[in-house]
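Structural overview
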Amino acid sequence: MVPPNDTQFQPYFFLLLGIPGLQGVHMWIGFPFCIVYMTALLGNIATLYVIQTERSLHQPMFYFLAILSSVDLGLSTSTIPKMLGIFWFKLREISFEGCLAQMFFIHLCTGMESAVLVAMAYDRYVAICNPLHYTLVLTNKVVLVIALLILLRPLAIAIPFVLLILRLPFCGHQIIHHTYCEHMGIARLSCASIKVNIIYGLCAISILVFDIIAIVISYVHILRAVFCLPSRSARLKALSTCGSHVCVILAFYTPAFFSFMTHRFGRNVPQYIHILLAIFYVVIPPALNPVIYGVRTKQIRERVIRTFRNRL
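Residues numbered from 1 in each chain as written. Predicted model: local features only at pLDDT ≥ 70, side-chain atom pairs only at ≥ 80, totals over all residues. Heavy atoms only, no water.

What follows is about the state of the cysteines. Enumeration according to the criterion identifies 2 disulfides in this entry. Put simply, Cys99 and Cys181 are joined by a disulfide, and their sulfur atoms are 1.9 Å apart. Around the S-S axis, the bridge from Cys99 to Cys181 shows a dihedral of about -115° and counts as left-handed. Here Cys99 is found in helix H3 (residues 96–129), whereas its partner Cys181 is found in the loop between strand S3 (175–176) and helix H6 (183–187), with 82 residues between them in sequence. Grouping residues by exposure puts Cys99 and Cys181 together as buried. The partner cysteine of Cys171 in its disulfide is Cys191, sulfur to sulfur 1.7 Å. In this structure the cystine formed by Cys171 and Cys191 twists about its S-S bond by roughly 60°; its chirality is therefore right-handed. Taken together, the residues span a long stretch of sequence, with Cys171 in the loop between helix H5 (140–166) and S3 and Cys191 in the loop between H6 and helix H7 (195–226) at a distance of 20 residues. Cysteine pairing for the protein (bonded cysteines numbered in sequence order): 1-3, 2-4. Of the cysteine sulfurs around Cys129, a residue in no disulfide, the closest is that of Cys242, at 8.8 Å. Summary of cysteine pairing: Cys247 is not part of a disulfide, and the nearest cysteine sulfur, belonging to Cys242, is at 11 Å. (Disulfide = S-S within 2.5 Å. Helix = DSSP H or I, 4+ residues; strand = E, 2+ residues; numbered from the N terminus. Buried < 20%, exposed > 50% of the residue type's maximum accessible area, 1.4 Å probe, protein only.)

In structure tokens:
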């Protein structure tokens, strides 16, 4: 007698339960995340508008900032609206295809964000360590090539995540204890071995580690060049041009670091802490980045103020 086969290669939908242990306060948790989303939308759209309309900002550093703002819009929009639907309207159901699409865009955008930060570190390295050749090194053609690499490398990493999920059989397990679809959260619902998924996930994380190493190496050279400058005012001016970039790096990698550490070693940490850290990793940087650059970058700050004055 052949046993019934309950295996589903493609379930019709998944259920996102939100933040386990905090379901009773989902309604209230939604309000700060809504504010964060509105900040991300308005801030990044304003940044893109200022860079497009202000000709003095048509420089490599601001081109990379425009890419960063575009990525932040994609990352926040791919996660927070669904999250608010879960918190406020109990719209927990998400189709299998929708879940894969959300997972793909999250991995694509986080990979692009990390790649942009490396490109911005290289921009600062050339500007401070080799200022006389800055315009010769970072030509429009070179910036275009870097922009393509920023897109193509994360794309090549994100596509296998989808393929690795599509090969797995699912046996009726459809509940994801999270606010969004992420690779391992989906893979663990499978009734087959997910060893390949785990190995590939670690390889993807290692690429982020290499990005961090590249950024650190850039800043070692930058600091060495800065401290060789003759005057204190010149050193402070050079360091101030890196301040915004360092803040953005910390805003992106710090939640990622704590999320990874609690996931790997925090066996006694409540599950809602794991989920909150994973949420902060994808929703906080898109809101903080335009605020950081808007406050610390004189050209952007003055252009925004001038625009508001003209409107009033």
